[in-house]
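Take a look at the letters that make up each chain.
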Amino acid sequence: MNTVMKVKSNLLQILHLDRTYSLLTGKNAKFVFEFFKLLDIHGTGSLNDVQFYHFLNAITNLGKSEIYKVFDMLDVDGSGDIDYDEFYLVICILIAIKDKQEKQFIYRHSRTVFDLLDEDGSNSVSAEEFKNFGFLFNFHSDAVKAIFEEFDISGDQELDYKEFKMFTMACIDRQIDIEKDIQKKAAEKEIKEKLKEKRKFEAEFKKHENRLIFITQFLSIRRETRLPQVRPHPLSAVME
């Protein structure tokens, strides 16, 4: 089952990427750097895999294996640590996901993302690499897989950089269509729920209305059929 990556940290809720360049502003970058220094408890200027795991585990819903996959993806030199630049990239990705701008981020930084996904350094992204690491950008839906196959022009189950860039543009367009479809379905569902509530209310009202009509008719008939009470004459008591 594919994990839909979610950011659950309140800390990142106040941060947003610049809409034009999909990067942090200078002020926000400084904030992230200070946060990085807090995590770097050993003062080495880097985070090891354990520190990185606890960081991502605290702010995302990713599992242990997925977090270590992200760490290995970033640790390109195999040093067992990631530095601030790599941490900055992760923060930008997390903010993009939080704000549902991951596809736009990929388009703006397509070369960086391409190199990240290209695990074996073959200068192409294979279907297997896409499957293993695509979760970081929420690349896992059937629609996205279909687009991957569509842009795999050579049919070798790999995308070169040019194909990948066209692929990201198609993903953005498809994502917009998907979001519009979701909004449309949500609106239709809301209308159906309101109609359902309306019909329920009308049925209840009709039931109570029929009951009220029955009671009214019953009381009316009872009044009509009631025998008139004969009051004793005032003189009858005197005569007795």
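Notes on the structure in this doc start here. Residue numbers run consecutively from 1 along every chain, following the written order of its sequence. Whole-chain, interface and lining totals are the exception, using all residues; otherwise, since this is a predicted model, local features are given only for residues with pLDDT of at least 70 and side-chain atom pairs are given and counted only at 80 or more. Hydrogen atoms and water are omitted, and side-chain values are computed over all heavy atoms in the structure.

1. Considerations on the nonpolar core
And then number 1: Put simply, buried Ala, Val, Leu, Ile, Met, Phe, Trp, Tyr and Cys residues joined by side-chain atoms within 4.5 Å make one nonpolar core. For the exposure calls, accessible area comes from a 1.4 Å probe over protein chains only, and a residue counts as buried if that area is under 20% of its type's maximum, exposed if over 50%, partly exposed in between. Counting 55 residues, the largest nonpolar core has L24, F52, F55, L56, F87, L94 and F167 as its most contacted members.
And then number 2: The secondary structure listing takes helices from DSSP runs of H or I that are at least 4 residues long and strands from runs of E that are at least 2 residues long, numbered from the N terminus. Broken down by element, the residue count for this core peaks at 12 residues, all from helix α4 (residues 84–98).
And then number 3: Between two residues, a contact is recorded if the distance between any of their heavy atoms is within 4.5 Å. Apart from residues lying up to four places away in sequence, L56 is in contact with L62, I67, V70, V90 and L94.

2. With respect to the pattern of salt bridges
And then number 1: For this document, the term salt bridge refers to a Lys or Arg side-chain nitrogen within 4 Å of an Asp or Glu carboxyl oxygen. Applying the stated criterion across every chain, the model contains four salt bridges.
And then number 2: Two residues, D115 and R111, come together in a salt bridge whose shortest N-O distance is 3.3 Å. Of this pair, D115 and R111 both sit in helix α6 (residues 110–117), four residues apart, which is roughly one turn of the helix.
And then number 3: Overall, the relative accessible area of 41% leaves D115 in the partly exposed class.
And then number 4: Under the relative-accessibility criterion, R111 is labelled partly exposed at 34%.

3. Overview of the packing of aromatic side chains
Two aromatic rings, taken as a pair, are described by how far apart their centres are and by the angle between their planes.
And then number 1: Any two of the Phe, Tyr and Trp rings considered here, Trp counted by its six-membered ring, make a pair once their centres fall within 6.5 Å; the pair's planes then place it as stacked at under 30 degrees, edge-to-face at over 60, or tilted in between. Overall, the coordinates contain 12 aromatic pairs when judged by the stated rule.
And then number 2: Pairing F52 with F71 gives two aromatic rings, centres 5.6 Å apart and planes at 50°, and the pair type is tilted. Highlighted residues: F52 in helix α2 (residues 49–59) and F71 in helix α3 (residues 64–74), separated in sequence by 19 residues. For the pair F52 and F71, a shared accessibility class is recorded, and that class is buried.
And then number 3: Measuring from ring centre to ring centre gives 5.5 Å for F114 and Y161, while their planes differ by 75°; the resulting arrangement is edge-to-face. With F114 in helix α6 and Y161 in helix α9 (residues 161–225), the pair connects residues that are 47 residues apart, well separated along the chain.
And then number 4: You can call F114 buried: its relative accessible area is 0%.
And then number 5: In this structure an aromatic cluster arises from ring pairing among F33, F35, F36, F52, F55, F71, Y84, F87 and Y88.
And then number 6: Against the face of Y161 rests R111, its NZ or CZ located 4.4 Å from the ring centre. Distance and angle both matter: a charge sits over a ring if NZ of Lys or CZ of Arg is within 6 Å of the ring centre and within 35 degrees of the ring normal.

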